[in-house]
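The chain contents come next:
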Amino acid sequence: MIAPACRVRYFRGVTALPELSHHQPALVLIYEPPEPLLPVLIAHLSLHQGMWVLDAGNCFPAYAIARHVRRLTPDLGAALARIQVRRAFTCYQVLAALEQFSVEAGALLVLDLLASFYDQSVPLGERQRLLVRSVAHLKRLSRQVPLGVIIFTRGGQPETRLWLKIVERAADEVWRFSCQQPASPLRLF
């Protein structure tokens with residue numbers, strides 16, 4: 001269930017980019033974005049402000065970002081220098097990174113937040129406790145800087161539904177993307 005004050009937007013393909021500007025600190029939750037959205041979003045943000053990217057799912061598209069930045073500005077080096085990347089490979093590292101994040105850095109984008117929380121070597125109760133604490137830090141940070149959280153769902157994980165509700169409750173805005181499914185071929189026999 002999404003918090004009552006939360007706005008939900010639905011999109012097909014990459015028709016618009018989430019608004020993560022300095023003027024409106026907010027927590028924007030982005031569900032299942034199409035593959036080309038991440039590099040485009042990061043490239044556009046890097047043109048105007050410094051930003052941190054917390055890569056919790058080992059999915060930072062560095063080369064694609066550089067290609068998009070090159071299309072947008074001749075000053076590739078300056079735009080790329082505004083992007084700071086930190087990788088988190090465990091749910092403990094996600095929480096530690098969010099606790100240590102400096103608000104002077106500008107926008108914060110968290111890639112694949114839930115990925116490290118599916119680690120079966122950490123007891124389920126501990127993972128949920130760490131997620132709740134991480135989301136509390138996300139909400140705190142979202143009052144100070146624009147913050148985007150990218151979620152890729154894992155359908156086979158039983159805890160996914162509960163964890164999505166935890167993250168949704170903290171969101172100010174939710175962006176949902178739906179991919180166009182190709183029509184199934186006609187059967188002749």
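The structure this text deals with has already been given above.
Residues numbered from 1 in each chain as written. Predicted model: local features only at pLDDT ≥ 70, side-chain atom pairs only at ≥ 80, totals over all residues. Heavy atoms only, no water.

Enquirer: Even after reading the chapter, I still don't get the packing of aromatic side chains, so can you show me in this structure?
Expert: Two aromatic rings are characterised by how far apart their centres lie and by the angle between their planes. Applying the stated criterion to the full structure yields 2 aromatic pairs. Seen from their ring centres, Phe-117 and Trp-163 are 6.3 Å apart, and the 75 degrees between their planes marks the pair as edge-to-face. Taken as a pair, Phe-117 in the loop between β5 (107–111) and α5 (124–142) and Trp-163 in helix α6 (residues 160–170) lie far apart in primary sequence, 46 residues in all. Overall, Trp-163 belongs to the buried group, its relative accessible area being 0%. For the pair Tyr-118 and Trp-163, a centre-to-centre distance of 5.4 Å together with 40 degrees between the ring planes defines the contact as tilted. Remark: Trp-163 occurs in helix α6 and Tyr-118 occurs in the loop between β5 and α5; sequence separation between them is 45 residues. Pair check on accessibility: Tyr-118 and Trp-163 agree, each one buried. Through pairs of rings, three or more aromatic residues link up here, namely Phe-117, Tyr-118 and Trp-163. (Phe/Tyr/Trp six-rings, centres within 6.5 Å; stacked < 30°, edge-to-face > 60°. Helix = DSSP H or I, 4+ residues; strand = E, 2+ residues; numbered from the N terminus. Buried < 20%, exposed > 50% of the residue type's maximum accessible area, 1.4 Å probe, protein only.)

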